[in-house]
Amino acid sequence: MASAVWQKLQANAEAMKGTHLRELLKDEGRNSSMFVEAENFVLDYCREKVTQETMGLLQELATVMDVEGKKKGFFAGSKINETEGRAVLHHALRAPKDKVINVDGKNVVPEVHTVLDAMKAFSEKVRSGSFVGYTGKPLTNVVCIGIGGSYLGVEFVFEALKTYPDAAKAAAGRTLKFLANVDPIDVKRALDGLSAETTLVIVISKTFTTAETMLNARTLKAWIVKELGDEAAVSKHVVACSTALPKTKAFGIDDANVFGFWDWVGGRFSVCSAVGVLPLALQYGFDTVRQFLDGAAAMDRHFETAPPAQNLPTLMALLTVWNATCLGYEGYAVLPYCQALVRFVAHIQQLDMESNGKRVQMDGTTCPTSTGAIYFGEPGTNGQHSFYQLMHQGRTIPADFIGFKKSQNPVHLTGEPVSNHDELMSNFFAQPDALALGKTAAECKAEGVPDNLVEHKVFTGDRPSLSLLLPICSPHYLGALLALYEHRTAVQGWVWGINSFDQWGVELGKVLGVKVRKFLGEAREGAGDASGFQRPTQKLLASMLSCPLGAPGGGRCTITACKAREIFDSRGNPTVEVDLCTETQLFRAAVPSGASTGIYEALELRDGDKSRLLGKGVLKAVDNVNKLIAPKLIGMDVFQQAAIDKIMVEVLDGTKNEWGWSKSKLGANAVLAVSMAVCRAGAAASRMPLYQYIAKLSGKPMDKFVMPVPSFNVINGGSHAGNRLACQEFMILPTGASSFKHAMQVGAEVYHTLKGVIKKKYGQDACNV
């Protein structure tokens, strides 16, 4: 039966494609029937390419697809999310206390209000200063960690209320920031200007396992512990919206500061749960949030009770189905003429595209029609100077124009013909007409447009849109607007026969992401098997890994060659020198001949030539660099210092003595020379002095690490070389010297004295600079 209605709609669509909106708009009876007022909203959809017959067919389709029946199940708590076996009850989050909504025989409304009361109490304690941070300071800054539905909708409401006078007054002296992207840049942006002492972190994750969210949570936990110096500070600075109490407790969060929500709340429908209520109440006060929830509840009642022909969510949903499926328009623009709605479209993108971007119906059969649309948009006149050119003279893109009768911040300058808000709204009213009516060649010529420009200035028109006019961008009407689009999304799904409340499409990328994450972790340590990826992916991964981890400007610092040779030091003793090449530079490093080449190591690294001084095994060490170490380093980047050192010492060498890793298989002189060459390359790529780069690698404060005088790096054979000194190398830094020359004198005196003591006590001259 549904297919028969679809066929009638397709036939009607063909007729509408041949009927210009100029003609349709001449019918005043039609136009009046498409002007709907409810809940102080005005919906005008006369600029859609529909007739009253079209709307009748769309209502017939809704009847055939049992939209009213599904709506009743939605409000009754039936498990309409069949693929996941769940009810869909975001409307219960704003239901009055006396409402009864049963799930599995239990009324969920009392539990909703228990959590609301707990959030009200907690937010008031934080805002009043009775709940303070670890050092006793008030918590005036909040960072909200969540992604997708745990972020976009909340940010939309936060931004929309920022300039509403009552909300702005309530938020004085407070900040609310969001950390959603796992990109570490987002961490820096979120923490910019914040002090851990006055910052409260909200971690939003129902299961406390969302990969991106939990990495960000651990990052901010580490920041708090580092700044405040005590793990105990976590319980005073981190709270959660979650149901995983064992995990939140293990994280260090007090059970009393964990605010739950339920599996019948989908992420993109969760703004009215703890996900949105807690951060918004902390910022704007619970009274503001209560107004927002009441506005959403008002739209819920309208959606539940209004007849289909006067039902705002139903009408908007049917028109979207008509545009996307029957007329075949793939794009959809949401155009709020209000800067406060700067993040509204981002939320609608997720709300609609994640809900209705489906290829199969609820029963698993392939959808017989297209579903969903590609959403985009921008507030007000900003969009006009961005993508409206395409909308007017390029592709046909249906649009929702959203405006407000009053501004949050009215301005009317003396001498100006209209207020700033009326200037904005002039465009709100003009653009839908321009899209619908267009401009003909005859009209252009009548205006005196030169013949060679006429076609350039023709607007074909016939581009559909609807207009939505609200009283003011207040908490109440923001809640109603949110609920309107939530229900619009649901009705579309019911008409298409799909499940708008699951999101299997996001799973595959996550699964593959785990595989890539594992590979990158191993690759950064010098291992990693990329053979399981597609060849193009392997090439991309190789390119990614060739990029330095932190090089300014993203310069390329991949190791392209590494070659060792034997040289002789100033005393005529053989030692190892290494040339290390990147794509742009050569770096050279050598170690003193005495570096870990004593008699014990000589026994293991004999080069077969007993005439060589002490048989130090230098040629063997050189061979180890060229044949064993270099092949492993090619393709790595110079910022992988720790991974490179680990490969050499623990993987390729692997020998130990009583002091730890002995490096006696490869030769410490080989390992040290390669390591220093890599370090020099990293320092050069970072554009910082070598000593400062070493400080960075070791986690020391670079701004305090200075070397005002010469340093003397003293190397002795160590215990494994026959002398019984525990240390292998140490530094003489004569910081008390009065001048550079004096420092040289002091350092030389200390060194020669030390050398004499070692030789006298142990009978060996194993110490050199």
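Provided above is the structure to which this section pertains.
Some points on the overall build of the protein
Phase 1 of the analysis: A tally of regular secondary structure across the protein gives 30 helices and 21 strands.
Phase 2 of the analysis: Going through the 769 residues of the protein one by one, you find that 51% of them count as buried.
Phase 3 of the analysis: Expressed as a percentage of contacts within the protein between residues at least 6 apart in sequence, the contacts between residues at least 24 apart total 69%.
Phase 4 of the analysis: If you sum the accessible surface of the protein, you get close to 34,300 Å²; carbon and sulfur atoms cover 55% of it.

Topic: helix H10 (residues 211-228)
Phase 1 of the analysis: For H10, which comprises 18 residues, the first-to-last C-alpha distance of 26 Å matches the rise-based estimate of 26 Å (1.5 Å per residue) to within 8%.
Phase 2 of the analysis: A positive backbone phi angle near 75° is found at Gly 229, which sits one or two residues after H10.

What about helix H13 (residues 274-284)?
Phase 1 of the analysis: Where burial is concerned, most of H13 is hidden: eleven out of the eleven residues are buried.
Phase 2 of the analysis: Buried within H13 are the following residues: Ala 274, Val 275, Gly 276, Val 277, Leu 278, Pro 279, Leu 280, Ala 281, Leu 282, Gln 283 and Tyr 284.

Side note on the nonpolar core
Phase 1 of the analysis: Formed by 135 residues in total, the largest nonpolar core has its most connected members in Phe 41, Tyr 45, Trp 264, Leu 341, Leu 468 and Tyr 485.
Phase 2 of the analysis: If one sorts the elements of this core by residue count, helix H22 (residues 475-496) sits on top with 13 residues.
Phase 3 of the analysis: Ignoring any residue separated from it by four or fewer positions in sequence, one finds Leu 468 in contact with Phe 41, Val 42, Leu 43, Met 316, Phe 401, Ile 402, Gly 403, Phe 428, Leu 481, Leu 484 and Tyr 485.
Phase 4 of the analysis: Membership of the second largest hydrophobic core comes to 39 residues, among which are Met 636, Ile 644, Val 649 and Ala 681.

Some remarks on the sheet that holds strand S7 (residues 199-204)
In any sheet, the strands associate via hydrogen bonds between backbone groups, in a parallel or an antiparallel arrangement.
Phase 1 of the analysis: What the five strands build is an open sheet, ordered S6-S5-S7-S8-S9; its pairing is parallel. Both outer strands of the open sheet, strand S6 (175-179) and strand S9 (258-259), are each paired with one neighbouring strand and no more.
Phase 2 of the analysis: Here strand S5 (residues 141-145) runs beside S6; their pairing, made up of five bridges, is parallel. Its bridge partner being in S6, Val 142 is matched across the sheet by Leu 176.

A short note on the sheet that holds strand S14 (residues 561-568)
Phase 1 of the analysis: Judged by pairing direction, the sheet is antiparallel, and its three strands sit side by side in the order S14-S15-S16 without closing on themselves. The two strands at the open ends of the sheet, each matched to only one other strand, are S14 and strand S16 (586-590). This sheet shows a mean twist of 20° between the axes of neighbouring strands, independent of strand direction.
Phase 2 of the analysis: Relative to S16, strand S15 (residues 574-581) runs antiparallel, the two sharing five bridges. Bridging across to S16, Cys 581 finds its partner in Leu 586.
Phase 3 of the analysis: Lying on the sheet, helix H26 (residues 618-633) is in contact with S14 and S15; it crosses S14 at an angle near 175°.

A few points about the pattern of salt bridges
Any two side chains of opposite charge can pair, on the condition that their charged atoms come close.
Phase 1 of the analysis: Tallied over the entire structure, the rule returns 31 salt bridges.
Phase 2 of the analysis: Ionic pairing is found between Arg 588 and Glu 577, a salt bridge with its closest N-O pair at 3.9 Å. One end of the pair, Arg 588, is in strand S16; the other, Glu 577, is in strand S15, with eleven residues separating them in the sequence.
Phase 3 of the analysis: Accessibility expressed as a relative area gives 42% for Arg 588, which makes it partly exposed.
Phase 4 of the analysis: The class for Glu 577 is buried, based on a relative accessible area of 15%.
Phase 5 of the analysis: What emerges from the salt-bridge pattern is a single network uniting Arg 565, Glu 577, Asp 579 and Arg 588.

Some points on the packing of aromatic side chains
The description of two aromatic rings rests on the distance between their centres and on the angle between their planes.
Phase 1 of the analysis: On inspection of all chains with the given rule, the structure shows 22 aromatic pairs.
Phase 2 of the analysis: Between Phe 208 and Phe 251, the aromatic rings sit 5.6 Å apart at their centres with planes inclined by 85°, giving edge-to-face as the arrangement. Separated by 43 residues along the polypeptide, Phe 208 in the loop between S7 and H10 and Phe 251 in helix H12 (residues 245-251) bring together distant segments of the chain.
Phase 3 of the analysis: Taking the relative accessible area as the measure of exposure, Phe 208 reaches 6% and is therefore buried.

Some thoughts on the side chain of Thr 489
Phase 1 of the analysis: Counting through the fold element by element, Thr 489 comes out in helix H22.
Phase 2 of the analysis: Residue classification places Thr 489 among the buried residues on the basis of a relative accessible area of 1%.
Phase 3 of the analysis: Apart from residues no more than four positions distant in its own chain, Thr 489 is found in contact with Leu 351, Asp 352, Ser 355, Asn 356 and Ser 500.

A few points about the side chain of Gln 640
Phase 1 of the analysis: With respect to the helices and strands, the residue Gln 640 is situated in the loop between H26 and helix H27 (641-653).
Phase 2 of the analysis: Residue classification places Gln 640 among the buried positions, given a relative accessible area of 5%.
Phase 3 of the analysis: Among residues more than four places away in sequence, those in contact with Gln 640 are Ala 523, Arg 524 and Leu 545.

What about the packing of helix H14 (residues 286-305) against H22?
Phase 1 of the analysis: The contact between H14 and H22 brings their axes to 7 Å, and the two run at 40°. Looking at the two axes, H14 sits oblique to H22. Regarding H14 and H22, the two cross each other, and that crossing is right-handed. Where H14 abuts H22, its residues Thr 288, Gln 291, Phe 292, Asp 294, Gly 295, Ala 296, Ala 298, Met 299, Asp 300 and Phe 303 lie against Pro 475, His 476, Leu 478, Gly 479, Ala 480, Leu 482, Ala 483, Leu 484, His 487, Val 491 and Trp 494.

Some thoughts on the packing of helix H5 (residues 67-76) against H14
Phase 1 of the analysis: For the pair H5 and H14, the least separation of the axes is 10 Å and the interaxial angle reads 140°. For the element pair H5 / H14, the angle class is oblique. At the point where H5 passes H14, the crossing takes the left-handed sense. Side by side, H5 and H14 meet where Lys 71, Phe 74 and Phe 75 of the first sit next to Asp 300, Phe 303 and Glu 304 of the second.
Phase 2 of the analysis: Residues belonging to the contact of H5 with H14 are distributed by class as follows: three nonpolar, no polar and three charged.

Remarks on the environment of Thr 140
Phase 1 of the analysis: Tracing the backbone shows Thr 140 in the loop between helix H6 (109-128) and S5.
Phase 2 of the analysis: We classify Thr 140 as partly exposed; its relative accessible area is 25%.
Phase 3 of the analysis: Along the chain, Thr 140 and Ala 172 lie 32 residues apart, while their C-alpha atoms are 9.7 Å from each other.
Phase 4 of the analysis: Ignoring any residue separated from it by four or fewer positions in sequence, one finds Thr 140 in contact with Gly 173, Arg 174, Thr 175 and Thr 198.

Some points on the pairing of strand S13 (residues 465-472)
Every other side chain in a regular strand lies on the same face of the sheet, so the side chains alternate between the two faces.
Phase 1 of the analysis: Counting buried residues in S13 gives seven out of eight residues, a clear majority hidden from the surface.
Phase 2 of the analysis: In this structure, strand S2 (residues 41-44) lies alongside S13, joined through three bridges in antiparallel fashion. Following the sheet pairing, Val 42 is matched in S13 by Leu 469.
Phase 3 of the analysis: As judged from the seven bridges shared by strand S12 (residues 399-406) and S13, these two strands associate in the parallel manner. Bridge pairing in S13 links Phe 401 to Ser 467.

Some points on the pairing of strand S1 (residues 35-38)
Phase 1 of the analysis: Burial of S1 is one-sided: the residues Val 36 and Ala 38 facing one way are buried, the residues Phe 35 and Glu 37 facing the other way are not.
Phase 2 of the analysis: Both S1 and S2 contribute to a ladder of four bridges, which runs antiparallel. Directly across from Phe 35, in S2, lies its bridge partner Asp 44.
Phase 3 of the analysis: The antiparallel pairing of S1 with S2 creates a hairpin that spans two residues between the two strands, and Glu 39 there sits at a positive phi of about 55°.

Quick notes on the environment of Phe 251
Phase 1 of the analysis: When its relative accessible area of 9% is taken as the criterion, Phe 251 is described as buried.
Phase 2 of the analysis: Along the sequence, Phe 251 and Ser 235 sit 16 residues apart, while their C-alpha atoms lie 8.9 Å from each other.
Phase 3 of the analysis: Every residue in contact with Phe 251, bar those within four places of it in the chain, is listed here: Phe 208, Met 214, Ala 217, Arg 218, Lys 221, Val 234 and Val 238.

Scoring rules and cut-offs
- Residues numbered from 1 in each chain as written.
- Predicted model: local features only at pLDDT ≥ 70, side-chain atom pairs only at ≥ 80, totals over all residues.
- Heavy atoms only, no water.
- Helix = DSSP H or I, 4+ residues; strand = E, 2+ residues; numbered from the N terminus.
- Buried < 20%, exposed > 50% of the residue type's maximum accessible area, 1.4 Å probe, protein only.
- Contact = heavy atoms within 4.5 Å.
- Areas by Shrake-Rupley, 256 points an atom, 1.4 Å probe, with all protein chains shown as cover.
- Expected span 1.5 Å × (residues − 1).
- Core = buried A, V, L, I, M, F, W, Y, C linked by side-chain atoms within 4.5 Å.
- Pairing = 2+ DSSP bridges.
- Axes fitted to C-alpha atoms, helices over the stretch in contact; angles between N-to-C directions.
- Salt bridge = Lys/Arg side-chain N within 4 Å of Asp/Glu carboxyl O.
- Phe/Tyr/Trp six-rings, centres within 6.5 Å; stacked < 30°, edge-to-face > 60°.
- Parallel < 35°, antiparallel > 145°, perpendicular 65-115°, else oblique.
- Left-handed = near helix turned anticlockwise from the far one by under 90°.
- Nonpolar A, V, L, I, M, F, W, Y, C, P; charged D, E, K, R; others polar.

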